[in-house]
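Listed below are the residues making up each chain.
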Amino acid sequence: SGGGGGGGGGAGKMADKEKKKKESILDLSKYIDKTIRVKFQGGREASGVLKGFDPLLNLVLDGTIEYMRDPDDQFKLTEDTRQLGLVVCRGTSVVLICPQDGMEAIPNPFIQQQDG
Amino acid sequence: MAASAVSNPSQLLPLELVDKCIGSRIHIVMKSDKEIVGTLLGFDDFVSIFLWKFKAITPEGRRITKLDQILLNGNNITMLVPGGEGPEV
């Protein structure tokens, strides 16, 4: 068994072949100056006006509102919010970006009623 | 039409904003419920933060720890608020 050894030879000549451009799969420039909603690892959610971003998905949000979670149920949002103003969001922590308008919460379709 | 890797130059770059905050108060929100308020001394490429005279706040337990200097690992940082004072305690 000597398979798997042949893959390393072709990787050296990257220069002439594809020049790897750092292209994002999501063009955030269309959201500049628009209000977006952002969800983070760890369950935090915030929304604000997108003022800037970089290819690593770090964001600058203005007029940011953070939506607070229910202390008993970490996944349920309460009516509570707090104002944060101008913030930088770490791209490493971002899991979802969507426009603020056009998205709404629905009842959890996965919950099954448990008796006893 | 190739999508340009360089974003619109008139927008605000996130790390530029953090850089402008060096020397001022900053409020850092972690992925967990911990938050930190202090004076920003500097940061690196991974946004590990070097802070001075800061307070660590845990809103659940309302414990406030005051320390002089810290190097905060950027792994768990979610948001940075320049000039922020942190949650009201």
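In this text, all values refer to a predicted model and were calculated from it rather than measured experimentally.

**Student:** Would you explain the interface of chain B and chain A in this entry?
**Tutor:** How big an interface is tends to be stated in terms of accessible area lost as the parts join. Listed by partner, the interface residues are 28 residues for chain B and 29 residues for chain A. Of the roughly 2200 Å² buried where chain B meets chain A, counting both sides, 57% is carbon and sulfur surface. When the area that chain B buries against chain A is broken down by residue, the three leading residues are B:P14, B:K31 and B:M79, summing to 27%. A salt bridge links A:R82 to B:E35; the shortest N-O distance between them is 2.8 Å. In this structure, the connection of chain B to chain A is made through 8 residue pairs in polar contact (both at pLDDT 80 or more). Contributions of two or more residues to the side of chain B that touches chain A are made by α1 (14–20), β1 (25–30) and β5 (77–82) of chain B. Element by element, the count of residues in the side of chain B that touches chain A is highest for β5(B), at 6 residues. Of the residues that constitute the side of chain B that touches chain A, the class distribution is 19 nonpolar, 5 polar and 4 charged.

**Student:** Sorry if this is basic, but what is going on with the nonpolar core here?
**Tutor:** Nonpolar side chains tend toward joint burial in soluble globular proteins. In terms of nonpolar packing, the biggest core is built from 19 residues, with A:V38, A:L50, A:L59 and B:M79 touching the most fellow members. If you list the elements that add at least two residues to this core, you get β1 (35–40), β2 (45–53), β3 (59–69), β4 (77–89) and β5 (94–99) of chain A together with β5 of chain B. Residues within four places of A:V38 in sequence aside, it is in contact with A:R44, A:E45, A:A46, A:L59, A:L61, A:V94, A:L96 and A:I97. Ranked by size, the runner-up nonpolar core spans 17 residues in total, among them B:C21, B:I28, B:A56 and B:I77.

**Student:** Explain the confidence of the model for chain B to me, please; I cannot follow it from the model alone.
**Tutor:** In low-pLDDT regions, the fine details of the predicted coordinates are not to be read closely. Residues and elements named next belong to chain B. Taken residue by residue, chain B gives an average pLDDT of 78. The fraction at 70 or more is 78%. A low-confidence stretch, residues 1–6 (pLDDT under 50), is modelled with 4 contacts involving residues beyond four sequence positions or located in other chains. Here the predicted complex carries an ipTM of 0.78, next to a pTM of 0.72.

Parameters and conventions
- Residues numbered from 1 in each chain as written.
- Chains lettered and ligands numbered in written order.
- Predicted model: local features only at pLDDT ≥ 70, side-chain atom pairs only at ≥ 80, totals over all residues.
- Heavy atoms only, no water.
- Contact = heavy atoms within 4.5 Å.
- Buried area = accessible area lost by both parts, 1.4 Å probe.
- Salt bridge = Lys/Arg side-chain N within 4 Å of Asp/Glu carboxyl O.
- Polar contact = N/O pair within 3.5 Å; in protein donor to acceptor, adjacent residues only side chain to side chain.
- Helix = DSSP H or I, 4+ residues; strand = E, 2+ residues; numbered from the N terminus.
- Nonpolar A, V, L, I, M, F, W, Y, C, P; charged D, E, K, R; others polar.
- Core = buried A, V, L, I, M, F, W, Y, C linked by side-chain atoms within 4.5 Å.
- Buried < 20%, exposed > 50% of the residue type's maximum accessible area, 1.4 Å probe, protein only.
- pLDDT = per-residue confidence, 0-100.

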